Every structure is written in C-alpha cells, then in structure tokens.
Amino acid sequence: MTRTITPDTSATAVISVEEQQFNDLIEADSRIEPRDWMPEAYRKSLVRQISQHAHSEIIGMQPESNWITRAPSLKRKAILMAKVQDEAGHGLYLYSAAQTLGATRDDMTDALIAGKARYSSIFNYPTPSWADMGSIGWLVDGAAICNQVPLCRASYGPYGRAMVRICKEESFHQRQGFEILLELMQGTDEQRQMAQDSVNRWYWPALMMFGPPDDDSPNSAQSMAWKIKRHSNDELRQRFVNMLVPQAAVLGVTLPDPDLHFNEETQQWDLGTIDWTEFHEVLAGRGPNNAQRLQRRRDAHEDGAWVREAAAAYAVKQIALKQSAGTKEMAAS
Amino acid sequence: MTTPGDSAAEIWPLWEVFVRSNRGLSHVHVGSLHAPDETLAVRNARDLYTRRSEGVSVWVVPAAAITTSDPDAKGAFFESPAGKNYRHASYYSKSEGVKHL
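Treat the numbers as computed from the prediction; the structure is a model and nothing was measured. (Residues numbered from 1 in each chain as written. Chains lettered and ligands numbered in written order. Predicted model: local features only at pLDDT ≥ 70, side-chain atom pairs only at ≥ 80, totals over all residues. Heavy atoms only, no water.)

### Section: the pattern of salt bridges
Then, in step 1: All chains considered together, the criterion is met by 20 salt bridges over all chains.
Then, in step 2: For A:Arg161, the salt bridge goes to A:Glu33, with nearest N and O atoms at 2.9 Å. Of this pair, A:Arg161 sits in helix α7 (residues 157-185) while A:Glu33 sits in the loop between α1 (17-27) and α2 (40-59), and the two are 128 residues apart along the sequence.
Then, in step 3: For A:Glu33, a relative accessible area of 26% corresponds to the partly exposed category.
Then, in step 4: B:Arg51 is the salt-bridge partner of A:Glu169, the closest N and O atoms lying 2.9 Å from each other. Of this pair, A:Glu169 sits in helix α7 while B:Arg51 sits in the loop between α1 (38-49) and β3 (57-62), on two different chains.
Then, in step 5: Owing to a relative accessible area of 21%, B:Arg51 belongs among the partly exposed residues under this scheme. (Salt bridge = Lys/Arg side-chain N within 4 Å of Asp/Glu carboxyl O. Helix = DSSP H or I, 4+ residues; strand = E, 2+ residues; numbered from the N terminus. Buried < 20%, exposed > 50% of the residue type's maximum accessible area, 1.4 Å probe, protein only.)

### Concerning a negative patch on the surface
Then, in step 1: Taken together, the side chains of A:Asp214, A:Asp215, A:Asp216 and A:Glu235 make up a negatively charged region of the molecular surface.
Then, in step 2: With respect to the helices and strands, the residue A:Asp215 is situated in the loop between α8 (189-208) and α9 (220-225). (Patch = residues over 30% accessible without salt bridge, like charges linked within 9 Å, V, L, I, M, F, W, Y side chains within 5 Å. Areas by Shrake-Rupley, 256 points an atom, 1.4 Å probe, with all protein chains shown as cover. Lys, Arg positive; Asp, Glu negative; His and termini not counted. Charge placed at Lys NZ, Arg CZ, Asp CG, Glu CD.)

### A look at the environment of A:Ala143
Residue and element names in this part refer to chain A.
Then, in step 1: Tracing the backbone shows Ala143 in helix α6 (residues 131-148).
Then, in step 2: Between the C-alpha atoms of Ala143 and Thr277, which are 134 residues apart in sequence, the distance is 20 Å.
Then, in step 3: Residue contacts for Ala143: discarding those within four places in its chain leaves Ala206, Met209, Phe210 and Phe240. (Contact = heavy atoms within 4.5 Å.)

### A short note on unusual backbone geometry
Then, in step 1: Positive phi, normally seen in glycine, also occurs at A:Asp29, with a value near 60°.
Then, in step 2: In this fold, A:Asp29 is placed in the loop between α1 and α2.
Then, in step 3: For A:Asp29, a relative accessible area of 37% translates into the label partly exposed.
Then, in step 4: In this structure, B:Ser53 is a non-glycine residue whose phi angle is positive, near 50°.
Then, in step 5: Among the secondary structure elements, B:Ser53 is positioned in the loop between α1 and β3.
Then, in step 6: For B:Ser53, a relative accessible area of 67% corresponds to the exposed category.

### Some words on the nonpolar core
Then, in step 1: Ranked by internal contacts, the top residues of the largest apolar core, which has 87 residues, are A:Tyr42, A:Ile50, A:Trp138, A:Tyr156, A:Tyr159, A:Leu255 and B:Leu33.
Then, in step 2: Looking at this core, the element that brings in the most residues is α6(A), giving nine residues.
Then, in step 3: Ignoring anything within four residues of it in the chain, the contact list for A:Trp138 reads A:Gln174, A:Gly177, A:Phe178, A:Leu181, A:Val199, A:Leu244, A:Gln247, A:Ala248, A:Leu251, A:Val253 and A:Leu255. (Core = buried A, V, L, I, M, F, W, Y, C linked by side-chain atoms within 4.5 Å.)

### A short note on the packing of aromatic side chains
Then, in step 1: For the structure on display, the rule yields 15 aromatic pairs over all chains.
Then, in step 2: Centre to centre, the rings of B:Tyr86 and B:Tyr91 are 6.2 Å apart; their planes meet at 75°, and the pair counts as edge-to-face.
Then, in step 3: In this structure B:Tyr86 comes out as partly exposed when scored by relative accessible area, which is 40%.
Then, in step 4: For B:Tyr91, a relative accessible area of 43% translates into the label partly exposed.
Then, in step 5: One aromatic cluster is present, built from ring pairs that chain together A:Phe22, A:Trp37, A:Tyr42 and A:Trp226.
Then, in step 6: Lying over the aromatic face of A:Trp67, A:Arg70 brings its terminal NZ or CZ to 4.3 Å of the ring centre. (Phe/Tyr/Trp six-rings, centres within 6.5 Å; stacked < 30°, edge-to-face > 60°. Lys NZ or Arg CZ within 6 Å of the ring centre and 35° of its normal.)

### Describing the confidence of the model for chain B
Residue and element names in this part refer to chain B.
Then, in step 1: When pLDDT is averaged across chain B, the result is 85; 85% of the residues are at 70 or more.
Then, in step 2: Here residues 1-6 is a poorly scored stretch, pLDDT under 50, and it has 13 contacts once near neighbours within four places are set aside; other chains count.
Then, in step 3: Scoring of the predicted complex yields 0.88 for pTM and 0.80 for ipTM. (pLDDT = per-residue confidence, 0-100.)

### Focus: the packing of α8(A) against helix α10 (residues 233-251) of chain A
Axes are the key here: two packed helices are described by the angle between their axes and the distance separating the axes.
All names here are of chain A.
Then, in step 1: Contact geometry of α8 with α10 gives a least axis separation of 10 Å together with a crossing angle of 150°. Within the contact between the two elements, α8 uses Tyr203, Ala206, Leu207 and Met208 and α10 uses Arg237, Phe240, Val241 and Leu244.
Then, in step 2: For the contact of α8 with α10, the residue count by class is seven nonpolar, no polar and one charged. (Axes fitted to C-alpha atoms, helices over the stretch in contact; angles between N-to-C directions. Nonpolar A, V, L, I, M, F, W, Y, C, P; charged D, E, K, R; others polar.)

### Observations regarding the environment of A:Ala154
All names here are of chain A.
Then, in step 1: When you line up the elements, Ala154 lands in the loop between α6 and α7.
Then, in step 2: Classification of Ala154 by relative accessible area gives buried; the value is 1%.
Then, in step 3: Between the alpha carbons of Ala154 and Ile32 there is a distance of 9.3 Å; along the sequence they are 122 residues apart.
Then, in step 4: With sequence-adjacent residues up to four places away left out, Ala154 is seen in contact with Arg31, Tyr159, Lys227 and Ile228.

Here you go:
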C-alpha cells in the first residue's frame, strides 16, 4: 500500500492513516504484529534489541559450557547441559522473532561473528570456579528475569511471546544456581570461600546488566514511549537489589557493597556507587574474555559450515527427486 | 510481501511451528524456526519447542505458504459480525431466570 508523505508545513503535523493506526494501537496498549505498518525507526530499534538479545543467549552458552565436562556430579552435569541447551533455544526463539521484522538470520550471524553486533557484556567475564555456575544462575539469570518479565508485555507481539517462553524456562535456571550456592555454603570452609569469592566477582557486573543509569541511557525514552520497554534501568536495578538482599541472607553470603543500606524513608535498599568505567571498558571490547568469546563463536560457525551446506544440498536434492517423481507419475497416468 | 527466510539472502527458509499439547486439543501456533527441509524442521521443532513435554504432536508449515488477510483492510474485512450481537446467546435477556436455557 502506498503512503502519502505529507510535508510538515502546518503547526500540527499531519500523519498518515497507517501511522495513526500504529499510534492508536500503542496508545491502547495493544500489540503490533509482523504485517502491520510500523515506523521504520520502531522496526530498526526492535531488530537491534531483539538480535542483541539473541546474540547474548548464544554467547551466553560459553561461560557455562566451560564447566560441563567438569561438573561435580552426573546430576549437575545433566542440569547444566539442559540449561545450556535452553540458552541455545532462547537464542533461536529470538532470532525467529527478529526475522518476522525482515532481518535475515544470515545477516545477524554475520554481524555477530564480524564483531559488529553487541551482546550483553556480562558474558565477557570468565568462569574460573564451579561456584560461578551458581552465581550465574542466581545473579546473572536473576537480573535477566528481572529485565525480561516486563518484556513479556512488549508492544511487538512476536518479541513478547518469545519472552513468555523464555521467562518460564529461566526460573529453573535461577533456582538451580541458587541451589548450587546454597550447597556450597553448607559445605566446608573452602567451599564457602569459593561461593563468596564468586559472588564478589559477579555481583557488580550483574547490576550493570540493567544498563547505564537513567540520565545516561539515550535509547530508553523512545523505547518506553513505544512500550517496548516498561521500566527504566535504575528502577529495574533497584527492584533486583531489593530481591537479592533477603536471598543473600538465606545463602549466608555477603553482597560486596559496603555502602548497601536500608533506606527507612523509601523502604528500599540504597546501593553504593557503580564503577561505570569498568562497564564501558568491557562494552568497548576490552573485557577479560571479549576476544575469546567471539573467536569461539566464529570457529564454531566456520567449523559447522559443511553441516549447513550438506543440509541445504540434501534439501535441494529431495525437492528435485520429488519433482521428477511427480513428472513420472503424470507421464504414467 | 516477501516472507522473511524466503529469499536468496537466506540459505534456510523459515517454518511456522504448531504444537498439540494433548490428545483432544488443537495444534496451536508456538513460534517459528529455521531449517533446510521439512524433516529437519520437525526435528528442530521437537528440540526447540517441546523440551518440557509441551506436546504430543508437531506441525511445521513453510512460512511462505501461509496466506493471511490484509492487516491494512482490518476494519472492512471483519466488519460483517459488527452489529449482529443477536448471534450471541447473551443477546436474549428475556429468558433470564428460566432454568436450563
């Protein structure tokens, strides 16, 4: 359908019928679906956010798959494999959601392995101990859930629906992580030390997962106006810390923030100052594992090329076989 | 409109996945996936959408094979039922209080 572009000459901008429909849907808190008209900026912003989210799930398999071969028991190994498989699944749900916006899978993959696309910085930290499997589940997946639950109501239908599935599965991730830490905290002094050390390393990076503070978050306002995002970064971060404090008490771990204290007035936990220089360093590609994570993804993609090619060649051959069988049948009748 | 996945830029096409959660229920759309052919699409669908016993049967359909109503024509296309609330049982209020009706 052609759209008439009306130059904005009057005081009140005249907008197209489609744009008015889009605005009305957003206003009514309804959902935008793939074939609806949408502003180009909305589409672009969603492709960016959903593909970054997908990349994060895919790269996020690496820090944990690191421990599959060394999990302390068969039970823990099976759980960890199921969790890593879930992360792959989450990446695939999200890539499909981005494809409904016209992005191609191959372009998204290429952008990731070329180092042009972003993914969550949290996955650029190393996992040197088994306790890190606990901290990732409890803190990293915990922060992710906090971020993702409101995304289930995102204005773009396929994104919201993918998030509903993801959130359902994430709750197992967080609980299994909590359980790993709890078991370590009930173990020997050495095990307790391992758990505390791991929490010390993951706490601040997990808080940074919510993104920069509100006054330094350029895309947030537009994203909230479009109802993709429902709460500000600082609001979600605060909500997360409020949940963490009592959980840390159950575990018996100390959160590594000496300034953390309960504010009687606001009834919230006030946190100390976050070191954003570290966040920007990791974001700029200078985190402990940035290069390694990308290299591993690139290698996996290149090493798997023959599988993709063989599957595509097989599919083409099957179609040709079916067609020639069809021709023969027609000739016979 | 070209269906994403159905282009030269993409090696594997996109498939829509429908899962029957239990015998006696309909297949319901659960999402989409990427696969070279229908056999692998069914396998991928099992791995991707039924890891927690969500289904007893899976359908996959090439996304390009689906014909939809034009979303821009929303109003006109679905106008017919509007104003015909006599098609609903709730329209008939005089029988209120009468049992088994």
